[in-house]
Amino acid sequence: CLDWQDDAFTLDRKIRAYYPWPVAFMLYQNNPIKIYRAKPHAMTHSHVPGTVFKISDESIWIACKENCLEIFEIQFPSKKRIQIKDALNAKHDIFTLGHLLV
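Here is what the cut-offs are and how they apply
- Residues numbered from 1 in each chain as written.
- Predicted model: local features only at pLDDT ≥ 70, side-chain atom pairs only at ≥ 80, totals over all residues.
- Heavy atoms only, no water.
- Core = buried A, V, L, I, M, F, W, Y, C linked by side-chain atoms within 4.5 Å.
- Buried < 20%, exposed > 50% of the residue type's maximum accessible area, 1.4 Å probe, protein only.
- Helix = DSSP H or I, 4+ residues; strand = E, 2+ residues; numbered from the N terminus.
- Salt bridge = Lys/Arg side-chain N within 4 Å of Asp/Glu carboxyl O.

A. Examining the nonpolar core more closely. Ranked by internal contacts, the top residues of the largest apolar core, which has 24 residues, are Trp-4 and Ile-71. For this core, the secondary-structure elements that each account for two or more residues are helix H1 (8-17), strand S1 (25-28), strand S2 (31-41), strand S4 (60-63), strand S5 (68-75) and helix H2 (84-89).

B. Representation of the pattern of salt bridges in the model. Following the criterion strictly, the structure yields four salt bridges and no others. Between Glu-73 and Arg-81 there is a salt bridge, with its nearest N and O atoms 2.7 Å apart. The class for Arg-81 is partly exposed, based on a relative accessible area of 36%. Salt bridges sharing partners connect three or more residues here, namely Arg-37, Glu-73 and Arg-81.

Listed below in structure tokens is the structure:
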């Protein structure tokens with residue numbers, strides 16, 4: 001399980017290390033959401049770690065304790081692996097600005 005108190009570059013290494021198995025994940029309302037593809041960004045911010053602070057057509061940006069992580073591909077429980085853009089089209093409430101992922 002990813003801990004947003006870690007640095008974004010550490011989280012990126014975990015995501016790559018745990019692929020293809022067991023796959024890194026985050027928890028949202030006690031449900032694991034697997035993360036398959038992400039990119040760390042070296043930038044300062046004032047957001048609480050785990051907060052979705054930017055949503056683009058292709059990705060969501062999540063604040064980490066240091067830097068931030070841009071996520072491109074995920075998998076909801078018992079669902080297929082999908083691109084963030086497809087998850088946004090499905091209007092999952094998890095991807096709203098200011099939403100806190102724990």
